[in-house]
Amino acid sequence: MEHVPEDWTRGIVVVAHPDDIEYGAAAAVARWTRQGKDIRYVLATSGEAGIAGLPPAECGPLREEEERASAAIVGVETVEFLGHPDGRLVAGPDLRRDVAAAIRRHRPEMVVTANFGLTWFPGALNSADHRALGLSALDAVSDAANEWIFPELTEEQGLAPWSGVRWAAVNLPGASHAVDVTDTVDVAVESLAAHRRYLEALSGADVAEQARAQVEMATGPLPGFPAARAVGFDLYTFSG
Ligand SMILES: [Zn+2]
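These numbers come from a predicted model, not from an experiment.

(A) Main features of the overall build of the protein chain. What the protein chain contains, in helices and strands, is eight helices and 10 strands. Its C-alpha radius of gyration of 17 Å places the protein chain within 12% of the 18 Å reference for a compact globule of 240 residues. With respect to the principal axes defined by its C-alpha atoms, the protein chain has extents near 50 × 45 × 35 Å. Considering only contacts in the protein chain between residues 6 or more positions apart, those separated by 24 or more positions represent 78%.

This is the structure:
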């Protein structure tokens, strides 16, 4: 298992929902911001359909606020919400265009996203939003570099093509690459615990304990990788 490259300065993390980053990837983000990297979050939805009994109009703003708090804990100041509907993401041109616009705005060298496979492990279906988002985020890297696929990004939003993405890293189990997060597990637990209302709705267990159990499960040692705790990513390279 190889190390995820770290010779870059600006990255974005693109996911479907508030909390998607905090189940493991935030430990890598915390390591990178400690190295001085500039990391920004882009969320396709506000997670407004994520809490049973709480109507979307109340839930969306609450979850945006929790995500901003989570981000700040791992050194991320910029958090954008693209306003796509939670639970109804569609992999295709609309999502690709909006992620490509974000790539052009932020001009990253690294794009991080989350598992878009059919399952987490055999028998455990991944969500429709995750499946749609990850694939569209990877496709958007090329879209952002191409002047002709979404010309309205230049004509209407003044966003010039960006071909500077060198890698995309997809956070998932059984990955080919990893990041040593031995020193940032604790701050990642704090970052997940900032989703207080969401975690309270998921379980009656203490929020801090839930957060620690989840992050520890997502940051165990990985076979063949020299770190006490690590987060795995599949790596895609782009020629720029
Ligand atoms: Zn999610």
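Having seen it, we continue.
(B) The arrangement of the packing of helix H1 (residues 25–34) against helix H6 (residues 185–193) in detail. At their nearest, the axes of H1 and H6 sit 8 Å apart, and the two run at 120 degrees to each other. Compared by their axis directions, H1 and H6 come out oblique. In this structure, H1 meets H6 at a crossing whose hand is right-handed. Contact residues: H1 offers Ala26, Ala27 and Ala30, while H6 offers Val185, Val187, Ala188, Ser191 and Leu192.

(C) Here's a closer look at the nonpolar core. Counting 70 residues, the largest nonpolar core has Val13, Val29, Val111, Ala188 and Val231 as its most contacted members. Here this core takes seven residues from H1, the largest share from any one element.

(D) How the structure looks around the pairing of strand E10 (residues 230–237). Examined bridge by bridge, strand E8 (residues 167–171) and E10 share five bridges and lie antiparallel to one another. Residue Val170 lies in a different strand from E10, and its bridge partner there is Asp234. The pairing of strand E9 (residues 177–180) with E10 spans four bridges and is antiparallel. Pairing of Asp180 across the sheet is with Ala230, part of E10.

(E) Region of the structure containing the sheet that holds E10. Taken in spatial order, the eight strands make up an open sheet running E1-E9-E10-E8-E5-E2-E3-E4, and their pairing is mixed. Every other strand in the sheet has two partners, leaving strand E1 (2–3) and strand E4 (79–81) as the edge strands with one partner each. Where helix H2 (residues 56–73) meets the sheet, it contacts strand E3 (38–43) and E4, and its direction lies at approximately 155 degrees from that of E4.

(F) Looking closely at the pairing of strand E2 (residues 10–15). The buried fraction of E2 is high, at five of six residues. Across six bridges, E2 lies against E3 in parallel orientation. Paired with Val15 across the two strands is Leu43, which belongs to E3. Crossover handedness for the path E2 to H1 to E3: right-handed. With three bridges joining them, E2 and strand E5 (residues 110–114) adopt parallel strand pairing. What sits directly across from Ile12, in E5, is Val111.

(G) Representation of the environment of Val74 in the model. Relative to the helices and strands, Val74 is located in the loop between H2 and E4. Val74 gets classed as buried once you count the C-beta atoms within 10 Å, which come to 26. The spacing of Val74 and Arg97 is 23 residues in sequence and 28 Å in space, taken between C-alpha atoms. Setting aside chain neighbours within four positions, we find Val74 in contact with Ala26, Val29, Ala30, Thr33, Val187, Ala188 and Ser191.

Each value, and the rule that gives it
Residues numbered from 1 in each chain as written. Predicted model: local features only at pLDDT ≥ 70, side-chain atom pairs only at ≥ 80, totals over all residues. Helix = DSSP H or I, 4+ residues; strand = E, 2+ residues; numbered from the N terminus. Rg over C-alpha atoms; globule rule 2.2 N^0.38 Å. Contact = placed C-beta atoms within 7 Å. Axes fitted to C-alpha atoms, helices over the stretch in contact; angles between N-to-C directions. Parallel < 35°, antiparallel > 145°, perpendicular 65-115°, else oblique. Left-handed = near helix turned anticlockwise from the far one by under 90°. Core = buried A, V, L, I, M, F, W, Y, C linked by C-beta atoms within 7 Å. Buried ≥ 20, exposed ≤ 12 C-beta atoms within 10 Å, placed from the backbone. Pairing = 2+ DSSP bridges. Right-handed = clockwise from strand over helix to strand, strands pointing away.

Spatial relationships are all this shows, so hold off on functional conclusions.
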